Amino acid sequence: MRDLRVHFRTEDGVVKAVDGLSFDLERGRTLGIVGESGSGKSVANQAVLGLHDPANTRVSGEIHLDGQELTTTGERKLERLRGNKVAMIFQDPLTALSPYHTVGRQIAEPFRKHRGAGRREARERAVEMLGKVGIPNPRKRVDDYPHQFSGGMRQRAMIAMALVCDPDLLIADEPTTALDVTVQAQILDLLMELQQEFGSAIIMITHDLGVVSQVSDDVLVMYAGRAVERGTVHEVLHRPQHPYTWGLLTSMPRLTGDVGQELVPIGGTPPSLLHAPPGCPFAPRCAFPGEVAGPASCETDRPALPEGRGAACHLSAEQKRTFFVERIQPRLR
Ligand SMILES: Nc1ncnc2c1ncn2[C@@H]1O[C@H](COP(=O)(O)OP(=O)(O)O)[C@@H](O)[C@H]1O
Ligand code: SF4
Ligand SMILES: [Mg+2]
């Protein structure tokens, strides 16, 4: 993805939901995209599948999938990619699964459409996929309707549906947010296991740093429609450089922490995407603008995210390192 922008025309003005997002993802790897609700995670990834209504949306920038540029690809070609080369799983399987068709039929459908499989072959494939995602007695359960499945089983069925055509890219948009923690852990394990088998690249969208730490190789932290920090999962979780990432970490409960330890939420709210401030979008909530030593101003100059490992912040490299070690890390113990 290169400099992706997704702007919505609304009655109140132009909402810049994604405003200059770039990242790379290799086959077999998992990129965790993390950020508060409303930071543009879903909107950016819906653009990969061409899901925005062209009537009121302006999408610019480039999205290359295996050599093919997607933002200029027409609807008919996109149809052939969706559920085939790229698949998506959502937070709520009940809205993604139709209540009127059996689970098996819904898993078989993309296999018939994209692989030209006959009814019987596709049904066999659905049974096989249900088995792979850990549904007991798949040959019998293939004829069940979604309401006959538990929440965790429905999410497994949706994963089966997403993987049935062996996609190159799987986009998982908060896939475990609606599940309780034990089922969440099982589903994440399952995704990682299936990734080994299918070799797909995965984009894991979540607001939960715990999920990111469990599954990701690399992490992109999003804020107000942009990436503010990027690195490997170890770098971002253990040596974070951006004040917003510091805020995410200190607001998260820890199993090993003091029982009485206070969790500090990030004060304030994200900026309006209608009238983005000219400088750093995090400035109104940040405790560090006074420390910036160079000529750049947090209020008027927008910090850029460097290529590769780094954070979009005017603090010096030395400050990013020492402030974390001296002021933030002690609060994480
Ligand atoms: N069709 C739309 N028209 C106008 N604004 C939208 C539309 N879709 C999403 N948005 C706005 O874009 C922003 C990013 O949304 P989203 O990507 O869903 O956030 P999240 O990071 O929680 O997935 C939000 O402020 C949302 O209200
Ligand atoms: S650029 Fe300034 S306001 Fe933005 S995160 Fe860095 S210190 Fe905070
Ligand atoms: Mg979302």
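Residues numbered from 1 in each chain as written. Chains lettered and ligands numbered in written order. Predicted model: local features only at pLDDT ≥ 70, side-chain atom pairs only at ≥ 80, totals over all residues.

Novice: Looking at this structure, how should I read the overall build of the protein chain?
Specialist: For the protein chain, the helix and strand inventory stands at twelve helices and twelve strands. Since a compact globule built from 333 residues should have a radius of gyration of about 20 Å, the 21 Å found for the protein chain is in line with a globular shape. Seen along its three principal axes, the alpha-carbon backbone of the protein chain occupies a region of about 70 × 50 × 35 Å. Per-residue burial over the protein chain gives 39% buried out of 333 residues. In the protein chain, 63% of the contacts between residues at least 6 apart in sequence involve partners at least 24 apart. (Helix = DSSP H or I, 4+ residues; strand = E, 2+ residues; numbered from the N terminus. Rg over C-alpha atoms; globule rule 2.2 N^0.38 Å. Buried ≥ 20, exposed ≤ 12 C-beta atoms within 10 Å, placed from the backbone. Contact = placed C-beta atoms within 7 Å.)

Novice: Whenever I open this one, the nonpolar core confuses me. Can you help?
Specialist: Nonpolar side chains tend to gather and get buried jointly when the protein is soluble and globular. In this structure, I107, A160, A162, A172, V221 and V228 are the most contacted members of the largest nonpolar core, which totals 82 residues. Among the elements that make up this core, the one with the highest residue count is helix α7 (residues 151-163) (eight residues). Formed jointly, this core draws a minimum of three residues from each of two domains, domain 1 (95-166) and domain 2 (238-332). In this view, A160 contacts I107, M129, L130, K132 and V133; residues no more than four positions away in its chain are not counted. (Core = buried A, V, L, I, M, F, W, Y, C linked by C-beta atoms within 7 Å. Domains from an automatic or database assignment.)

Novice: Explain the sheet that holds strand β1 (residues 2-10) to me, please; I cannot follow it from the model alone.
Specialist: Strand pairing in a sheet is mediated by backbone hydrogen bonds. Such pairs are either parallel or antiparallel. As summarised here, the arrangement of the three strands in space is β2-β1-β4, forming an open sheet in which the pairing is antiparallel. In this open sheet, the two edge strands, each paired with only one partner strand, are β2 (13-21) and β4 (57-62). Here the strands of the sheet are splayed against their neighbours by 10° on average, with no regard to which way each runs. The pairing of β1 with β2 spans seven bridges and is classified as antiparallel. Following the sheet pairing, L4 is matched in β2 by L21. Those strands touched by helix α1 (residues 41-48) are β1, β2 and β4, and its axis lies near 105° from that of β1. (Pairing = 2+ DSSP bridges. Axes fitted to C-alpha atoms, helices over the stretch in contact; angles between N-to-C directions.)

Novice: Explain the domain arrangement of the protein chain here, please?
Specialist: When the parts of a complex come together, some accessible area is lost, and that lost area is often used as the size of the interface. You can read the domains of the protein chain as domain 1 (95-166) and domain 2 (238-332). Centre-to-centre separation of domain 1 and domain 2, based on C-alpha positions: 43 Å.

Novice: Just to check I follow, could you spell out the site of ligand 2 for this structure?
Specialist: Around ligand 2, the structure places 13 residues, and the nearest of them are C280, A283, C286, C298 and C313. Of the residues belonging to the shell around ligand 2, the class tally is twelve nonpolar, one polar and no charged. (Near = placed C-beta within 6 Å. Nonpolar A, V, L, I, M, F, W, Y, C, P; charged D, E, K, R; others polar.)

Novice: Is there a simple way to think about the sheet that holds strand β7 (residues 86-89) in this case?
Specialist: Taking strand neighbours across the sheet as the criterion, the seven strands line up as β7-β8-β9-β3-β10-β11-β12 in an open arrangement whose pairing is mixed. In this open sheet, the two strands that pair with only one neighbour each are β7 and β12 (310-311). Judged from the two bridges that link them, strand β11 (residues 226-232) and β12 form a sheet pairing that is antiparallel. The residue bridging E229 from the neighbouring strand is A311, located in β12.

Novice: What should I look at first to understand the site of ligand 1 in this one?
Specialist: Every one of the 13 residues lining ligand 1 counts as a neighbour, but F8, A17, K41, S42 and V43 are closest to it. Counting only elements with at least two residues in the shell around ligand 1, the list comes to β1, β2 and α1. At three residues, the largest contribution of residues to the shell around ligand 1 is made by α1. Residues that form the shell around ligand 1 fall into these classes: five nonpolar, seven polar and one charged.

Novice: Would you take a moment to explain the pairing of strand β8 (residues 169-173) for this structure?
Specialist: Regular strands place their side chains on alternate faces of the sheet. Across the five residues that make up β8, a large majority, four, are buried. Note: β7 against β8, four bridges, orientation parallel. Considered in β8, the bridge of V86 is made with L169. Pairing between β8 and strand β9 (residues 201-206): five bridges, direction parallel. Within the sheet, the bridge partner assigned to L169 lies in β9 and is A201. Between the parallel pair β8 and β9, the chain is carried across by helix α8 (residues 181-198), and the sense of this crossover is right-handed. (Right-handed = clockwise from strand over helix to strand, strands pointing away.)

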